[in-house]
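Remarks on the overall topology
Single-letter residue listing:
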Amino acid sequence: PDLESKLNTALESGDIFAQQSAQELLPLVQQAKLLVKQYDAVIANPPYMGNGYLNPLLKEFLKKNYIGYEKDLFSTFMIRNLHFAKPNGQLGFMSPMVWMFISSYENLRTYFIDQAIIYSLIQLEYNASGEVRVPLCAFILSKQHIANFIGSYIRLTEFPGYDVQSVKTLEALKNPECGWFFTAKPDDFKKIPGSPIAYWIKGISNFDGLKLSDLMISGGRTKTHGNDKYIRYFWEISNIIGSKWEPYANGGEFRKFYGNEIHVVDWSDAAKSFYSEHGGLYNNIFWGTVGITWSLITSSLNSFRVKTKEAHYSSGSPTIFTKDYELDTYILGFLNSMITSYYLKAINPTLNTTVGDVLSLP
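Summarised in this report is the structure supplied together with it. (Residues numbered from 1 in each chain as written. Predicted model: local features only at pLDDT ≥ 70, side-chain atom pairs only at ≥ 80, totals over all residues. Heavy atoms only, no water.)

Focus on the overall build of the protein chain
On a plain count of helices and strands, the protein chain comes out with eleven helices and 14 strands. Taken over the C-alpha trace, the protein chain has a radius of gyration of 27 Å; the compact-globule value for 362 residues is 21 Å, which it surpasses by more than 25%. Seen along its three principal axes, the alpha-carbon backbone of the protein chain occupies a region of about 95 × 55 × 40 Å. In the protein chain, which comprises 362 residues, the proportion classed as buried is 42%. A total of about 19,500 Å² of accessible surface is found on the protein chain, and carbon and sulfur atoms cover 56% of it. (Helix = DSSP H or I, 4+ residues; strand = E, 2+ residues; numbered from the N terminus. Rg over C-alpha atoms; globule rule 2.2 N^0.38 Å. Buried < 20%, exposed > 50% of the residue type's maximum accessible area, 1.4 Å probe, protein only. Areas by Shrake-Rupley, 256 points an atom, 1.4 Å probe, with all protein chains shown as cover.)

Listed below in structure tokens is the structure:
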């Protein structure tokens, strides 16, 4: 305020040089005043723009000033908005719900859990915004963290149609026993690897103990960098035995326990040299080893199956191994159970199920 007053005085003076400087500086001072103000409530619909669409100047600015939150403009925006709130202020956002689960937003989740409070949240159905299918959530943060705070959550993912969302929200508020109203401690989310905002999950305490990562390891995938040239269906090859072609697990349809090895990969010296030159060969200690694999992309339930010793495998067919490289049928059975399906939907409800997701299972 003192600086602004001095600049206004300079504008009214007869000193032409002082007037010119004041004219240049005054807008900056007025903008700074706005940026340092803090509010009891901050309500916003953040801008959405992923890292791949940012211009170089903005990308560099975010990396320099918002490291860990620079993957998307909405993530940066929410962190900045926390500074606009007073110590006991509250913030209301509508944003994509990807920050609740995906690994690239783990820093944002950790900040919300450790430094603030997730006071309440509504997870909307994909069609909640009308004709455009956008996964959204609306939530309230309280800036000051309170340990073991119990937040309120409404899950509308089972109710298609934007006109239904408000109706089901009001029903949940009137009747918390409706089945889609939940309470959870944000601090408990940290028990799950990656800290997903899995507010509806039961048995979070199970994640306190042994995890699959204590028993299983992963590595050794083969990426050809030229599937059209180097991969075939096995029925396209007249004689596989003794040839350059070897079995190749490459994803596939829903199939539990066994199967889906319908591809072969060129394993000639020339082909392997090409894969290696392009960074497509990883950890050959896993080659010739039996494992458990699944399809990376799925629109419904996951299905886990044996990867035979003879088969190589792609990034589309993530694979895990026991530490003694033997098949553990108990783990295979567990992975194909409804318990695993339940936990995986909480850990990562997107279409991709990664090695990290599976190894984080209790």
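Having seen it, we continue.
Description of the environment of Asn227
Relative to the helices and strands, Asn227 is located in helix α7 (residues 227-230). Asn227 gets classed as partly exposed once you look at its relative accessible area, which sits at 41%.

Description of the sheet that holds strand β8 (residues 231-233)
The sheet built from four strands is open, its strands ordered β8-β10-β9-β13 with mixed pairing. Each of the sheet's edge strands pairs with one partner strand only, and the pair in question is β8 and β13 (312-313). Relative to strand β10 (residues 263-266), β8 runs antiparallel, the two sharing three bridges. Along β10, the bridge assignment pairs Tyr233 with His263. (Pairing = 2+ DSSP bridges.)

Here we look at helix α6 (residues 162-174)
Residues three or four positions apart in an α-helix share a direction because the helix packs 3.6 residues into each turn. When α6 is considered as a whole, its buried residues turn out to be Gln165, Lys168, Thr169 and Ala172. Here the buried residues of α6 occupy an arc of 110° about the axis, which is enough to place them on one side. With respect to the buried face of α6, the exposed residues turned more than 90 degrees away are Asp163 and Lys174. Looking at the buried side of α6, the elements it contacts are β3 (117-123), β5 (151-155) and β6 (181-184). (Arc of directions from axis to C-beta. Contact = heavy atoms within 4.5 Å.)

Description of the packing of helix α4 (residues 73-84) against helix α5 (residues 106-115)
At a minimum axis separation of 11 Å, α4 and α5 run at an interaxial angle of 25°. Between α4 and α5, the angle is such that the two are roughly parallel. Relative to α5, the crossing made by α4 is left-handed. Note on element contacts: α5 touches α4 through Leu108, Tyr111 and Phe112, opposite Ser75, Met78, Ile79 and Leu82. Grouping the constituent residues of the contact of α4 with α5 by class yields six nonpolar, one polar and no charged. (Axes fitted to C-alpha atoms, helices over the stretch in contact; angles between N-to-C directions. Parallel < 35°, antiparallel > 145°, perpendicular 65-115°, else oblique. Left-handed = near helix turned anticlockwise from the far one by under 90°. Nonpolar A, V, L, I, M, F, W, Y, C, P; charged D, E, K, R; others polar.)

Focus on the pattern of salt bridges
Under the defined criterion, the tally for this structure stands at eight salt bridges. Linking Asp269 and Lys272 is a salt bridge whose minimum nitrogen-to-oxygen distance equals 4.0 Å. Note that Asp269 and Lys272 are positioned in helix α8 (residues 269-277) at a spacing of three residues, about one turn of the helix. A single salt-bridge network, built from bridges that share partners, covers Asp188, Lys191 and Asp208. (Salt bridge = Lys/Arg side-chain N within 4 Å of Asp/Glu carboxyl O.)

Re the packing of aromatic side chains
Under the criterion given, the structure shown has 27 aromatic pairs. Judged by centre distance (5.1 Å) and plane angle (80°), the rings of Phe207 and Tyr343 are edge-to-face. Of the two residues, Phe207 is situated in the loop between β6 and β7 (216-218) and Tyr343 in helix α10 (residues 338-347); the sequence distance between them amounts to 136 residues. By the burial criterion, Phe207 is buried, and Tyr343 matches it. Note on Tyr313 and Phe321: the rings are 6.0 Å apart at their centroids and 50° apart in plane angle, and the pair reads as tilted. Look at Tyr313 and you get buried, because its relative accessible area is 4%. Here the aromatic residues Phe101, Tyr153, Phe182, Phe189, Tyr199 and Trp200 are joined through ring pairs into a cluster of three or more. Its guanidinium or amino end placed over the ring of Phe84, Arg80 lies 4.3 Å from that ring's centre, counting from NZ or CZ. Taking NZ or CZ as reference, Arg155 lies 3.8 Å from the ring centre of Trp200, over its face. (Phe/Tyr/Trp six-rings, centres within 6.5 Å; stacked < 30°, edge-to-face > 60°. Lys NZ or Arg CZ within 6 Å of the ring centre and 35° of its normal.)

A short note on the side chain of Thr353
Its location among the elements puts Thr353 in the loop between α10 and α11 (355-359). Taking relative accessible area as the criterion, Thr353 reaches 4% and is therefore assigned buried. A polar contact is formed between the side chain of Thr353 and the side chain of Asn302, at a distance of 3.0 Å. Excluding anything up to four places from it in sequence, Thr353 contacts Trp294, Leu296, Thr298, Asn302, Pro318, Leu344 and Val358. (Polar contact = N/O pair within 3.5 Å; in protein donor to acceptor, adjacent residues only side chain to side chain.)

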